[in-house]
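For reference, the chains in residue letters:
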Amino acid sequence: MAYNDSDPQVPEADPAGQLPAPAGQPPAPLPGSAHNGLKIVIVGGFGVGKTTMVGSVSEISPLSTEEVMTQASVGVDDDSHVRGKSTTTVAFDFGRISLDSSNVLYLFGAPGQERFWFLWDQLFAGSLGAVVLIDTRRMKDSWYAIDRLEHHRMPFVVAVNRFDDGPQPSLSKVRKALAISDQIPVVECDARVRESSKQVLITLVSYLTRLASGRTG
Amino acid sequence: MRAIDRESPDRLYTVTHGRVPGDDNPFDLVSLIVAERDPAEGMQSEHVKILTMCRTPMALAEVSAGLRLPISVVKVLLQDLLDTGGITVRHPLPGAGRSDDPDGLHLPDRDVLKQVLLGLQRL
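Every chain begins its residue count from 1, and numbering advances along the sequence as written. Here chains are named by letter from A upward and ligands by number from 1 upward, in the order in which they appear as written. Selection of residues for local features in this predicted model requires a pLDDT of at least 70, selection of side-chain atom pairs for listing and counting requires 80 or more, and totals for whole chains, interfaces and linings are taken over all residues.

Visitor: Where do I start with the interface of chain B and chain A in this structure?
Guide: Interfaces are often described in size by the accessible area the parts lose on coming together. Contact with chain B, which involves 43 residues of that partner, is made by 49 residues of chain A. Numbering of helices and strands starts at the N terminus; helices are DSSP runs of H or I of at least 4 residues and strands are runs of E of at least 2. Listing elements by their share of the side of chain B that touches chain A, those giving two or more residues are helix H1 (4-7), strand E2 (58-59), helix H4 (60-67), helix H5 (71-83), strand E4 (94-97) and helix H6 (110-121) of chain B. A total of eight residues in the side of chain B that touches chain A trace back to one element, the largest contributor, which is H6 of chain B. Side-chain classes follow a simple rule in which Ala, Val, Leu, Ile, Met, Phe, Trp, Tyr, Cys and Pro form the nonpolar group, Asp, Glu, Lys and Arg form the charged group, and the remainder, Gly included, forms the polar group. In terms of residue class, the side of chain B that touches chain A is made up of 25 nonpolar, eleven polar and seven charged. A pair of residues counts as a contact when their C-beta atoms, built from backbone coordinates, are within 7 Å of each other.

Here you go:
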């Protein structure tokens, strides 16, 4: 059984007019001077818009990669699907932003569900931080991810992806519902819009900078 | 949806000759791989592809996506090439994952953050 946590991708008009390279074409190569890969992880449940967010700011069409999980590491809560199999697979998408001639930022969309936890260690090792992407129609999907991020001491910000047909609770209600402490930024976004996704990333990095400077206010 | 394990676990086993990445394998998802020589006759086809793809720096995750092989399989293939001098690896700079914050959060280096912020603002 393979999981594909890629969000369904609906072709969207890009308001910023900056479409990534068409799918199927090899992504543009990095310059030879590129030497430092950086990671930011976007965590959220299925269909919350992780791939959409990755795609809206990435300089390449989101790529998909995958990791295999051996049966030994399958959670006891959910092993019916692997009976008789030696491995199971989870796919996840990522994109790329060349920040300057030497630094390259990779954005990984990480499935938030518990059964994908085996993937998280290598996604989060060395990551700058995380964005928890929330769908207000399914807020409880985010509880586990937030709990694990806190457990891993991985700094994160919360971005509420607004869906037109969803409930529109205020950001303070979202903060309260998810028990997010006051100093952690909670922002709204439209993951389809490049500028909006960019602002979410800037919010995260600004927050990390405040933390690293010892100012959490 | 594409299921590599539906394809055949045997294929993955063959690609790596049954090996799995060791605990000491040095590769991160964003380690940048650089080919140091051209493919040679008789090389395993996956090694040939990696040396061709990595003529310019390419992150492990991108190599995995390009080969359509799982990350752990790619790590084994890259280790082969590293051991034989076929590639060099530009590891992510240390900085992230430090825990010198009073709250115990894993915080990256401030200089790194500054460069990231500048890069994002230029987008």
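Visitor: Just to check I follow, could you spell out the pairing of strand E2 (residues 36-44) of chain A for this structure?
Guide: Sheet faces and side chains relate simply in a regular strand, where the side chains alternate between the two faces. All names here are of chain A. Burial is judged by counting other C-beta atoms within 10 Å of a residue's own C-beta: 20 or more means buried, 12 or fewer means exposed, and anything between counts as partly exposed, with every C-beta placed from the backbone. Counting buried residues along E2, eight of its nine residues qualify, which places the element largely inside the surrounding structure. Only strands that DSSP links by at least two bridges are regarded as paired with each other. Bridging between E2 and strand E6 (residues 129-135) involves four bridges; their strand directions are parallel. Note on E6: the bridge partner recorded for Ile-42 is Val-131.

Visitor: Is there a simple way to explain helix H1 (residues 50-57) of chain A in this structure?
Guide: In an α-helix there are 3.6 residues to a turn, and that puts residues three or four apart on one side. Counting buried positions over the eight residues of H1 of chain A gives eight, a clear majority of the element. Along H1 of chain A, the positions that sit buried rather than exposed are Lys-50, Thr-51, Thr-52, Met-53, Val-54, Gly-55, Ser-56 and Val-57 of chain A.

Visitor: I keep staring at helix H5 (residues 194-212) of chain A and nothing clicks. Help me out?
Guide: Taking 1.5 Å as the rise per residue, H5 of chain A with 19 residues should run 27 Å; its terminal C-alpha atoms sit 27 Å apart, in good agreement. Turning to H5 of chain A, its buried residues number three or more, namely Arg-194, Ser-196, Ser-197, Val-200, Leu-201, Leu-204, Val-205, Leu-208, Leu-211 and Ala-212 of chain A. The inward-facing, buried residues of H5 of chain A contact E2, H1, E6, strand E7 (156-161) and strand E8 (186-189) of chain A together with H6 of chain B. Once H5 of chain A ends, the next one or two residues include Gly-214 of chain A, with phi positive near 80 degrees. Helix span is expected to be 1.5 Å times the residue number reduced by one.

Coordinates in, geometry out; function isn't part of it.
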